Amino acid sequence: MEWIDALLLSQPGAEKDYKAEWQWDRYLVDGRMFAAFCQPGAAHRDYAGRRVLTLKCDPVRAELLRAEFAAILPGFYMDKRNWISVDLDGGVPEDVLRELCGDSYRLVFGKLTKKRQKEILEG
């Protein structure tokens, strides 16, 4: 989804790369991933064939989201407690996706040193 790509790249210091061995488009801030697009193959059961966006998420909120939306799954190939994967064809409302993207960036950015955060924000 083009609007998600643009939103993720609009975050201060955000960069995109492609991890060929995983076939993932990754979004990074200061070398740390805060989002990824992928489409897992048949070997990955619950995720197979889905277009997923994987995002960092507060563990309590992640549980609530999974209870509310069938299209929000534990993070594919990530720590299932701190990451979620959103099936982009599963009907999660755009405003929820926008909020989740922003939250994911903030969680990762917030782990950077204060000095590094300032450098990124001052660009």
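An account of the accompanying structure is given in this report. Source: prediction; values computed, not measured.

### Remarks on the layout of surface pockets
Then, number 1: Considering only enclosed or pocket space, the largest pocket measures out at about 180 Å³ in volume.
Then, number 2: As for the largest pocket, its lining consists of W22, Q23, W24, C38, Q39, P40, G41, H44, F76 and Y77.
Then, number 3: Across the lining of the largest pocket, the residue classes break down as six nonpolar, four polar and no charged.

### What about the nonpolar core?
Proteins that are soluble and globular tend to have nonpolar side chains buried together.
Then, number 1: Membership of the largest hydrophobic core comes to 30 residues, with the highest contact counts inside it found for F34, L53 and I84.
Then, number 2: At the level of secondary structure, the elements contributing two or more residues to this core comprise α1 (2-9), β2 (24-29), β3 (32-38), β4 (52-56), α2 (59-68), β6 (83-87) and α3 (94-109).
Then, number 3: No other element matches α3, which puts seven residues into this core.
Then, number 4: In contact with L53, not counting residues within four places along its chain, are I4, L8, A35, A36, F37, I84, S85, V86, L88 and C101.
Then, number 5: In this structure, A36, C38, Y47 and F76 belong to the second largest nonpolar core, which totals ten residues.

### Observations regarding the packing of α1 against α3
When two helices pack together, their arrangement is given by the angle between the helix axes and by the axis-to-axis distance.
Then, number 1: Two numbers describe how α1 lies on α3: the axes approach to 10 Å, and their chain directions differ by 30°. Taken together, the axis directions place α1 and α3 in an arrangement best described as roughly parallel. The chirality of how α1 crosses α3 is right-handed. Contacts between α1 and α3 involve W3, I4, L7 and L8 from the first element and E94, L97, R98 and C101 from the second.
Then, number 2: Taken together, the residues of the contact of α1 with α3 sort by class into six nonpolar, no polar and two charged.

Conventions adopted
- Residues numbered from 1 in each chain as written.
- Predicted model: local features only at pLDDT ≥ 70, side-chain atom pairs only at ≥ 80, totals over all residues.
- Heavy atoms only, no water.
- 1 Å grid on protein atoms, 1.4 Å probe; cavity = no way out; pocket = protein on both sides within 12 Å on 5 of 7 lines; lining within 4 Å.
- Points joined across faces, edges and corners; volume = space filled by probe spheres on them.
- Nonpolar A, V, L, I, M, F, W, Y, C, P; charged D, E, K, R; others polar.
- Core = buried A, V, L, I, M, F, W, Y, C linked by side-chain atoms within 4.5 Å.
- Buried < 20%, exposed > 50% of the residue type's maximum accessible area, 1.4 Å probe, protein only.
- Helix = DSSP H or I, 4+ residues; strand = E, 2+ residues; numbered from the N terminus.
- Contact = heavy atoms within 4.5 Å.
- Axes fitted to C-alpha atoms, helices over the stretch in contact; angles between N-to-C directions.
- Parallel < 35°, antiparallel > 145°, perpendicular 65-115°, else oblique.
- Left-handed = near helix turned anticlockwise from the far one by under 90°.

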